[in-house]
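# Observations on chain architecture
Residues per chain, in single letters:
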Amino acid sequence: MATSPAVDVTRLLAGERRTLAKAITLIESTRDDHQQAAQGLLESVLPHTGRSVRIGITGIPGVGKSTFIESFGLHLVKLGKKVAVLAVDPSSPISGGSILGDKTRMELLSREPHAFIRPSPSAGTLGGVAHKTRETMLLCEAAGYDVVIVETVGVGQSEYEVASMVDFFLVLMLPNAGDELQGIKKGILELADALVINKADGESSNLAERTRGHYQSAVNLLHYTTFWTPRVMTCSALKHERIDAVWGMISDYRAEAERNGFLAEKRAQQNTDWMKKLLHEMLELRLSQNPQIRKLMPELERQVTAGSMTPYAAARQVVSLL
Ligand SMILES: Nc1nc2c(ncn2[C@@H]2O[C@H](COP(=O)(O)OP(=O)(O)OP(=O)(O)O)[C@@H](O)[C@H]2O)c(=O)[nH]1
Ligand SMILES: [Mg+2]
């Protein structure tokens, strides 16, 4: 028997961790009745969402994401904040392996009563991993978390998806002497609100500083249309150095974006984009579930392939059946 999907909203709003975990499990469930219950739950908590600072963090494997989040999270907890850490890992197998699956590198943070760490939902769930994470973020906000960190390894579209759900997108980098942008995906620079060069300690300190210079020049070449120009800085997650400066930068951004209306505008745009994405997904689902369409599709594909029907006419015929 599946467990009852009932989630006590009062307990969730009171910040009870077990209730939050249960609510997230409900969100992640693919069962139809669970999905309906989850949507009902989201609607009832919606007025209590939106108050957190939403931060996205990405970087290549080994750059120090886990170490950084542990150090950063502990810093925030010390400042009296409640911190939630979520992950978007589209590559994780359904069997459960996922980033943050092994919490050992965030051992101290995971033991903090004011920190909540949740691994990535399984890949292959309907609507995608990022979609679940977005809803999970809302639940965390309702449960009173002041900062929500969303981590991704940057497989496929995941950086874009994470950037489109957060207020501030941070890209962690390695100190690197090369003057070309190491392993950085095209377009990531445009997404980043900050580039933070990690491992700026010991022998790498000087290299990190030179790397900072390189990235600063790269950023200076881009044209930005908002109030914010991406910052480039260094830190050491391992030595807990300049972690406070990273938080200082993000809180400055947040305060200014709130004051000048940029934050409200950005979130409104993100919501509209999300709605459109959901609409596409729902339409696709309707298409794939329609028995008439399913029956007709192979024949239409055959005709389009053979050139006896135009793609336009075939698509129209499908849509007319909806
Ligand atoms: N010297 C130094 N080493 C660091 C720093 N941050 C992380 N490391 C080390 O770099 C290695 C990788 O760190 P992780 O935090 O696991 O990196 P990650 O980005 O989470 O890696 P994946 O989970 O594989 O994507 C570990 O051995 C860390 O101890 C740092 O600031 N300085
Ligand atoms: Mg990691």
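Residues numbered from 1 in each chain as written. Chains lettered and ligands numbered in written order. Predicted model: local features only at pLDDT ≥ 70, side-chain atom pairs only at ≥ 80, totals over all residues. Heavy atoms only, no water.

## What to know about the sheet that holds strand β4 (residues 147-152)
One open sheet accounts for seven strands, arranged β3-β2-β4-β1-β5-β6-β7; its pairing is parallel. The sheet is open, and its two borders are formed by β3 (115-117) and β7 (231-234), each paired with just one other strand. Put simply, the sheet's adjacent strands are angled 20° from each other on average, direction ignored. Direction of pairing for strand β2 (residues 83-88) relative to β3: parallel, over a ladder of three bridges. Bridge pairing in β3 places Val83 opposite Ala115. (Pairing = 2+ DSSP bridges. Helix = DSSP H or I, 4+ residues; strand = E, 2+ residues; numbered from the N terminus. Axes fitted to C-alpha atoms, helices over the stretch in contact; angles between N-to-C directions.)

## Re the pattern of salt bridges
Counted according to the given criterion, the structure contains 14 salt bridges. Residues Asp193 and Lys266 are paired through a salt bridge, measuring 4.0 Å at the closest nitrogen-oxygen approach. On the criterion of sequence distance, the pair formed by Asp193 in the loop between α8 (188-191) and β6 (194-197) and Lys266 in helix α11 (residues 262-289) is long-range, its members being 73 residues apart. On the basis of relative accessibility, which here comes to 11%, the residue Asp193 falls in the buried class. Of the residues examined, Lys266 reaches a relative accessible area of 19% and is grouped as buried. Between Glu299 and Arg302 there is a salt bridge, with its nearest N and O atoms 3.1 Å apart. Linking Glu299 with Arg302, this pair stays in helix α12 (residues 291-306), spanning three residues, or about one helical turn. (Salt bridge = Lys/Arg side-chain N within 4 Å of Asp/Glu carboxyl O. Buried < 20%, exposed > 50% of the residue type's maximum accessible area, 1.4 Å probe, protein only.)

## Overview of the site of ligand 1
The environment of ligand 1 is formed by 16 residues, the closest being Lys65, Ser66, Thr67, Arg105 and Asp201. Gly62 has a polar backbone atom sitting 2.9 Å from an oxygen atom of ligand 1. One of the backbone N or O atoms of Ala237 is found 2.9 Å from an oxygen atom in ligand 1. Expressed as a share of its isolated accessible area of 660 Å², the protein-covered part of ligand 1 is 74%. The class makeup of the residues in the shell around ligand 1 is six nonpolar, six polar and four charged. (Near = heavy atom within 4 Å. Polar contact = N/O pair within 3.5 Å; in protein donor to acceptor, adjacent residues only side chain to side chain. Areas by Shrake-Rupley, 256 points an atom, 1.4 Å probe, with all protein chains shown as cover. Nonpolar A, V, L, I, M, F, W, Y, C, P; charged D, E, K, R; others polar.)

## Things to note about the nonpolar core
Counting residues in each nonpolar core, the largest one holds 46 residues, and the members touching the most others are Leu12, Leu20, Leu41, Leu139, Cys140 and Leu195. It is helix α6 (residues 129-142) that contributes the most residues to this core, seven residues altogether. Apart from the residues within four sequence positions on either side, Leu41 is in contact with Val7, Val9, Leu12, Ala23, Leu26 and Leu139. (Core = buried A, V, L, I, M, F, W, Y, C linked by side-chain atoms within 4.5 Å. Contact = heavy atoms within 4.5 Å.)

## A look at the packing of helix α4 (residues 65-78) against helix α10 (residues 243-259)
Where α4 meets α10, the axes come as close as 10 Å, and the angle between the chain directions of the two elements is 70°. The pairing of α4 with α10 is recorded here as roughly perpendicular in orientation. Contact with α4, carried on its side by Phe68, Ser71, Phe72, His75 and Leu76, involves Ile243, Asp244, Val246, Trp247 and Ile250 of α10 and no other residues of that element. Along the lines of polarity and charge, the residues of the contact of α4 with α10 split into seven nonpolar, two polar and one charged. (Parallel < 35°, antiparallel > 145°, perpendicular 65-115°, else oblique.)

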